[in-house]
Amino acid sequence: MATDSSSIVVETALIVDDSRVQRQHAADLLRQFGVVVIHEAGDGIQALELLEGLASLPHLILVDLDMPRMDGVEFIQQLAKRGVSAALIVLSGRDSPLISAVESMAHVLGMPVLAAWQKPLGKNQLVDVLRHRSGGPLLSQAAPGGRKGAVVVTSEELASAIAARQLIPYYQPKVDLNTGLVKGVEVLARWLHPEKGVIPPSQFIPLAESEGLIHGLTVEVADQAFAQVARWRQHGLSLSVAVNLSPLLLDSPDFVVEAAELLCRYRIPAEQVVWEITESSLAADLGTALGNLARLRLKGCGLSIDDYGTGFSSMQQLSRVPFTELKIDHSFVRGAHRREHLRVILQSALDMASKMRLVTVAEGIETAEDWTLLQGLGCVLGQGYFIARPMPGGVLPAWLKEEGARLYKHVQAVVPPSKEAHSILPD
């Protein structure tokens, strides 16, 4: 990868490391990428004091783990506690499992972690991560004293939005990792609020579930998505469509009938639809849930176990639900090409899925290295920002002609075409 520092948006950085030599090395590398202001601190306490005196956060914080007085782990915890949502790169001379554990902790605390690496820091590493983030700011510049507030919405607003069709489906492509061809899409709901702008699902799905609105929301979004699939089919574009299924809907005796009615209304083959169920979705009325899932399969729909690896009863779920697809959570995908223990977990899951004849999907593919690793491990499908961000349905055909062809050529440069591969690009 060529170094193109002109595309990198980092202007200020903080390096937290007790080694003066390591700080100097990191500072020299950052300056090569045009970082104008570089702050330095010898431990977590000094870094927190420095941050308190800044008018705005640095774009990037590089933090060592093993430091006196306050180590890097406690420093990150203190950042989260104080609401300092700064982009992080974690560095350490310790072993990879420990570094990965700290990265996981930071993610759980809501901190944006760009990378977690063993020392020494390399120029090519910075090129990869900073170029990857060059499309926009690395973080939202919250003040050191508090987080940027979330948009507040009420159940009444949400109910009105569902009725007014302000909630619309976006589509994220799912690509065959061996051919580069787009095989399907995942449906992701977006709320286009007339005053408050785009509201992410994390802010309205829990509200919908707690206020008894999730049934109507899911049916509404599925209705729009199936109508879009029908329009694509009329133009010769046949893609599978995956829809997330709330655990609360699995307790509903009417949902399977409603789902079948939608398929009939839009004349969509059931085999073209996959319902995604998270690992923890079967905790309420187990008998009704299992019955509904069995009925969906009887009608021909696919069933995907979503976010595989994040629940507590993965094997039990696989043994009692007729899944057709296993979807590996992004936390096991990102950075796996650098971490042996993640590669072992990935290989184990993919081998098991292959033996169970399940289609495998990896989410969270963000780099070419992620793609190459998953391809080598035998994963069938993938999705993530390296491939495409979610997009409106009307945009997808044009994206297929432009970016879809790019992905196809990207893979064909390395892997010969499959005998069964066929183009789905519309004429």
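Draft legend 1. Examining the pairing of strand E7 (residues 182–193) more closely. Across the 12 residues of E7, 10 count as buried, placing the element largely inside the fold. Summarising the sheet, strand E6 (residues 167–176) and E7 pair through nine bridges and their orientation is antiparallel. Bridge assignment links proline 173 to a residue of E7, and that residue is valine 185. Counting the residues between successive antiparallel strands, the hairpin from E6 to E7 contains five residues, one of them, glycine 180, with a positive phi of roughly 80 degrees. As judged from the four bridges shared by E7 and strand E9 (residues 240–244), these two strands associate in the parallel manner. From the neighbouring strand, glycine 184 faces E9, where its bridge partner is serine 240. Direction of pairing for E7 relative to strand E8 (residues 197–199): antiparallel, over a ladder of three bridges. Across the sheet, the residue bridging to tryptophan 191 is isoleucine 199, located in E8.

Draft legend 2. Main features of the pattern of salt bridges. Counted according to the given criterion, the structure contains 14 salt bridges. Of the charged contacts, one joins glutamate 220 and arginine 165 as a salt bridge, the two residues approaching to 2.6 Å between their closest N and O atoms. Residue glutamate 220 is located in helix H8 (residues 214–234), and its partner arginine 165 is located in the loop between helix H6 (155–163) and E6; the two are separated by 55 residues in the primary sequence. Among the charged side chains, a network of salt bridges with common partners joins Arg165, Glu220, Asp223 and Arg265.

Draft legend 3. Region of the structure containing the side chain of glutamine 224. Its location among the elements puts glutamine 224 in helix H8. Residue classification places glutamine 224 among the buried positions, given a relative accessible area of 12%. Within the structure, the side chain of glutamine 224 is placed 2.7 Å from the side chain of glutamate 220, a separation counted as a polar contact.

Rules behind the numbers
Residues numbered from 1 in each chain as written. Predicted model: local features only at pLDDT ≥ 70, side-chain atom pairs only at ≥ 80, totals over all residues. Heavy atoms only, no water. Buried < 20%, exposed > 50% of the residue type's maximum accessible area, 1.4 Å probe, protein only. Helix = DSSP H or I, 4+ residues; strand = E, 2+ residues; numbered from the N terminus. Pairing = 2+ DSSP bridges. Salt bridge = Lys/Arg side-chain N within 4 Å of Asp/Glu carboxyl O. Polar contact = N/O pair within 3.5 Å; in protein donor to acceptor, adjacent residues only side chain to side chain.

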